[in-house]
Amino acid sequence: MMAAAVDKTAGMSKMLQFMKLIGQLKRVPRTGWVYRNVKKPESVSDHMYRMAMMSLTITDPTVDRDRCIKLALVHDMAECIVGDIAPSDNISKAEKHRREEQAMKHLTSLLPEALRQEVYALWDEYETQSSAEARLVKQFDQLEMILQAHEYEELEGTPGRLQEFFDSTAGRFHHPDVLQLVSSMNKERESHMTNTDGTRTSEQSQAADSAPEQDHTTSHTS
């Protein structure tokens, strides 16, 4: 009885450490927005939450919706330790994966064995894109990014300023539901990019003139 109580106390202590670590995701800003001088950029946690909601609202009966939600919640978990590594950080994909793998092993070591295996397997499934669900959630990752870019352009009143994020997703969307959302968003965005007579808005012209040259700092486009 005493040993069981000690084990339970130790287990809860580890779980508390785990919860505190993943809580850091609320304070890790998405690097792409930081590099683009967006005011009050979203956190990694913000990003994953809306991806989870995208997964919840998917209508495709051929995919496991619950699994998609889990993948969305886990896929960037390692960033609570390694941060949000962007392509411009000059870190190879292999090194990025190594760091995140090490972080995931540490994070999941704080969990009970069955849960440890489940969470790590979900992360690896997303990393390797080894299932239909993982590939769909990858599209949600890209969709959430450009939806956020669209919202920042709206908030700033600078339509077109974050065009490179949209360009980086060319050819990456395949699922019918995702394509419909992208189409709807593009129509809304285009209405902001032009006046009723089809000319560029003054905000768009200013944004185009002041926008930095492409330097491939877009986050999460690999």
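Residues numbered from 1 in each chain as written. Predicted model: local features only at pLDDT ≥ 70, side-chain atom pairs only at ≥ 80, totals over all residues. Heavy atoms only, no water.

In the nomenclature of an unreviewed UniProt entry, the protein corresponds to 5'-deoxynucleotidase HDDC2 from the organism Oreochromis aureus. Under the UniProt heading Subunit (unreviewed entry), the note attached to the protein is "Homodimer." Taken directly from UniProt, the Sequence similarities (unreviewed entry) text for the protein runs: "Belongs to the HDDC2 family." (UniProt positions renumbered as here; feature names shortened; annotations may be inferred.)

Engineer: Which parts of the structure should I look at to understand the layout of surface pockets?
Structural biologist: Once rolled over the atoms, a probe with the size of a water molecule shows which space is left empty. Of the voids in this model, the second largest pocket is the one considered here, and its volume is about 240 Å³. Of all elements in the fold, only helix H3 (44-56), helix H4 (65-74) and helix H7 (113-128) reach the threshold of two or more residues within the lining of the second largest pocket. Counting residues per element, the lining of the second largest pocket draws most heavily on H7, at four residues. Classifying every residue of the lining of the second largest pocket gives ten nonpolar, one polar and two charged. (1 Å grid on protein atoms, 1.4 Å probe; cavity = no way out; pocket = protein on both sides within 12 Å on 5 of 7 lines; lining within 4 Å. Points joined across faces, edges and corners; volume = space filled by probe spheres on them. Helix = DSSP H or I, 4+ residues; strand = E, 2+ residues; numbered from the N terminus. Nonpolar A, V, L, I, M, F, W, Y, C, P; charged D, E, K, R; others polar.)

Engineer: Can you walk me through the environment of Val44 in this structure?
Structural biologist: With respect to the helices and strands, Val44 occurs in helix H3. Overall, Val44 belongs to the buried group, its relative accessible area being 0%. With 18 residues separating them along the chain, Val44 and Lys26 place their C-alpha atoms 6.5 Å apart. Excluding anything up to four places from it in sequence, Val44 contacts Leu25, Val28, Arg30, Asp76, Glu79 and Asp84. (Buried < 20%, exposed > 50% of the residue type's maximum accessible area, 1.4 Å probe, protein only. Contact = heavy atoms within 4.5 Å.)

Engineer: Could you clarify how one ought to interpret the packing of aromatic side chains in this entry?
Structural biologist: In this description, an aromatic ring pair is defined by two values, namely the gap between the centres and the angle between the planes. For the coordinates displayed, the defined rule picks out three aromatic pairs. Arranged with centres 5.5 Å apart and planes meeting at 50°, the rings of Tyr120 and Trp123 form a pair that is tilted. Taken together, the positions of Tyr120 and Trp123, both in helix H7 and three residues apart, correspond to about one turn of that helix. Here Tyr120 matches Trp123 in class, with each residue buried. Between Arg189 and the ring centre of Phe166, over which it is positioned, the NZ or CZ distance is 3.6 Å. (Phe/Tyr/Trp six-rings, centres within 6.5 Å; stacked < 30°, edge-to-face > 60°. Lys NZ or Arg CZ within 6 Å of the ring centre and 35° of its normal.)

Engineer: Would you take a moment to explain the side chain of Ser131 for this structure?
Structural biologist: Within the element layout of this structure, Ser131 appears in the loop between H7 and helix H8 (132-156). For Ser131, the side chain forms a polar contact with the side chain of Glu125, separated by 2.5 Å. (Polar contact = N/O pair within 3.5 Å; in protein donor to acceptor, adjacent residues only side chain to side chain.)

Engineer: Would you mind going over the environment of Tyr49 with me for this structure?
Structural biologist: With respect to the helices and strands, the residue Tyr49 is situated in helix H3. With a relative accessible area of 55%, Tyr49 lands in the exposed category.

Engineer: Where do I start with the confidence of the model for the protein in this structure?
Structural biologist: Low-pLDDT portions of the prediction should not be read for the details of their coordinates. Mean pLDDT over the protein: 89, with 85% of residues reaching 70 or higher. Below pLDDT 50 for its whole length, residues 195-199 participates in four contacts with residues either more than four positions away or in separate chains. (pLDDT = per-residue confidence, 0-100.)

Engineer: Please explain the environment of Leu162 as it appears in this structure.
Structural biologist: Within the secondary structure, Leu162 is located in the loop between H8 and helix H9 (163-167). Those residues in contact with Leu162 that lie beyond four places of it in its chain are Trp33, Arg36, Ala149, Tyr152, Glu153 and Arg189.

Engineer: Please clarify how unusual backbone geometry should be interpreted in this entry.
Structural biologist: Peptide bonds are mostly trans, and most non-glycine residues show a negative phi. The phi dihedral of Lys40 falls on the positive side, at around 50°, and the residue is not glycine. Looking at the element boundaries, Lys40 is found in the loop between helix H2 (31-35) and H3. A residue is classified by how much of its surface remains accessible, and Lys40, at 79% relative accessible area, is exposed. Positioned with a positive phi, Asn90 is a non-glycine residue whose angle comes to about 60°. Along the chain, the position of Asn90 falls in the loop between helix H5 (79-82) and helix H6 (93-108).

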